[in-house]
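# Examination of the molecular architecture
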Amino acid sequence: MNDMTGVVALVTGAGKGMGRQVAEALAARGALVAANDVTPINLDETVRRIRTEGGHVDAYVEDIAKKMPVQTLLNQVLDDHGRLDLLVHCAAVDPPRSVLEMDDWDWQRSLDVNLSGLFLLMQSAGRIMKEKNSGIIIHVLRNATELEGHAAFRSAQAGAAALVEAAAQEYAAFGVRVHLARTLEEVLEVCLP
């Protein structure tokens, strides 16, 4: 079944890459997509593409690396749609520097977006979903072991995988499913019954 009509899906990192692909695929299946990115530059194109195909999408420009913007984002989605059924975390920062070349800003920004942002979103979205005893949270994980010299990203992704595993165990008691996915096909497999 490919029908996601009425599902409210928040997709982070929707401005390009995997985030855009996920947002477009969910919208094509009838989901109401809340597309998030840190800047409107690429996000506007995602919104245009989805609307051109007849999909339903709203843009939300927030930096998910900090708690207050995450709260603002989720409150806006709830105000606009009344609920949140699906969170797909695709936002990623990947400074292609080795340990010896990296500065502390690149290190911290990578951890903030790739790990802390995931934690903040999972925690807040999990609380929303717990109240209705249902929901799905997916973290899109790139194969970090293939990224030579991308030390910060690889470190954050290892932490993210552990975080998702812990959340999956905890959230299961509340009817909330938490998954890792590496491809668009895996994301859709989790979303579609």
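Rules used throughout
- Residues numbered from 1 in each chain as written.
- Predicted model: local features only at pLDDT ≥ 70, side-chain atom pairs only at ≥ 80, totals over all residues.
- Heavy atoms only, no water.
- Helix = DSSP H or I, 4+ residues; strand = E, 2+ residues; numbered from the N terminus.
- Buried < 20%, exposed > 50% of the residue type's maximum accessible area, 1.4 Å probe, protein only.
- Contact = heavy atoms within 4.5 Å.
- Salt bridge = Lys/Arg side-chain N within 4 Å of Asp/Glu carboxyl O.

### Some thoughts on the environment of V61
With respect to the helices, strands and loops of the structure, V61 is situated in strand 3 (residues 56-61). A relative accessible area of 37% places V61 in the partly exposed class. In this structure, the C-alpha to C-alpha distance between V61 and D37, residues 24 residues apart in sequence, is 5.3 Å. Residues in contact with V61, not counting those within four places in the same chain, are N36, D37, V38, T39, P40 and L43.

### Details of the pattern of salt bridges
According to the stated counting rule, one finds seven salt bridges in the structure shown. We note a salt bridge from D112 to K66, for which the minimum N-O separation is 3.5 Å. Of this pair, D112 sits in helix 4 (residues 104-132) while K66 is found in the loop between strand 3 and helix 3 (67-81), placing the two residues 46 residues apart along the sequence. Taking relative accessible area as the criterion, D112 reaches 12% and is therefore assigned buried.

### Quick look at unusual backbone geometry
Of note in the backbone geometry, N133 takes a positive phi value of approximately 60 degrees without being a glycine. Inspection of the secondary structure assignment puts N133 in the loop between helix 4 and strand 5 (135-140).

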